[in-house]
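# Descriptive structure summary
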Amino acid sequence: MTLDELVSEEKKIKSQKITTAVFIGLLVGIAIYAATHKSFILPVILLGFSFLIGSRYSQNLKRIQAEISQRDTVR
């Protein structure tokens, strides 16, 4: 990928930040509701899924930012 493509990909990922946060918040809310209504397995699954989504988002953003900074120092 060229540097311009990496920068546009970074902007695209950053624009998805709010959507990702809302989705994670929704999953956590459902998990809390399920936990208060005597369920155990569903909250654990939802919290694990929320953590996985947040982790992947963070890893993708860090990977692209590292590639951009690496290419900037090469110039």
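Residues numbered from 1 in each chain as written. Predicted model: local features only at pLDDT ≥ 70, side-chain atom pairs only at ≥ 80, totals over all residues. Heavy atoms only, no water.

### Notes on a nonpolar patch on the surface
- A cluster of nonpolar residues, Phe-23, Leu-26, Ile-30, Leu-42, Phe-49 and Leu-52, forms a patch on the protein surface that exposes about 520 Å² of accessible area.
- Put simply, the parts of the chain that give the nonpolar patch at least two residues each are α2 (17-36) and α3 (41-74).
- Within the secondary structure, Phe-49 is located in helix α3.
- With relative accessibility at 41%, the residue Phe-49 sits in the partly exposed group. (Patch = residues over 30% accessible without salt bridge, like charges linked within 9 Å, V, L, I, M, F, W, Y side chains within 5 Å. Areas by Shrake-Rupley, 256 points an atom, 1.4 Å probe, with all protein chains shown as cover. Salt bridge = Lys/Arg side-chain N within 4 Å of Asp/Glu carboxyl O. Helix = DSSP H or I, 4+ residues; strand = E, 2+ residues; numbered from the N terminus. Buried < 20%, exposed > 50% of the residue type's maximum accessible area, 1.4 Å probe, protein only.)

### What about the confidence of the model for the protein chain?
- Here the protein chain shows a mean pLDDT of 91. Residues at 70 or above account for 97%.
- Mean pLDDT across the secondary structure elements of the protein chain bottoms out at helix α1 (residues 3-15), with 90, and peaks at α2, with 95. (pLDDT = per-residue confidence, 0-100.)

### Comments concerning the nonpolar core
- Leu-3, Leu-6, Ile-13, Tyr-57, Leu-61, Ile-64 and Ile-68 form the largest nonpolar core, which has seven residues in total.
- Among the secondary structure elements, those contributing two or more residues to this core are α1 and α3.
- Here the element with the most residues in this core is α3; it accounts for four residues.
- In contact with Tyr-57, not counting residues within four places along its chain, are Ile-13, Lys-14, Lys-17 and Thr-20. (Core = buried A, V, L, I, M, F, W, Y, C linked by side-chain atoms within 4.5 Å. Contact = heavy atoms within 4.5 Å.)

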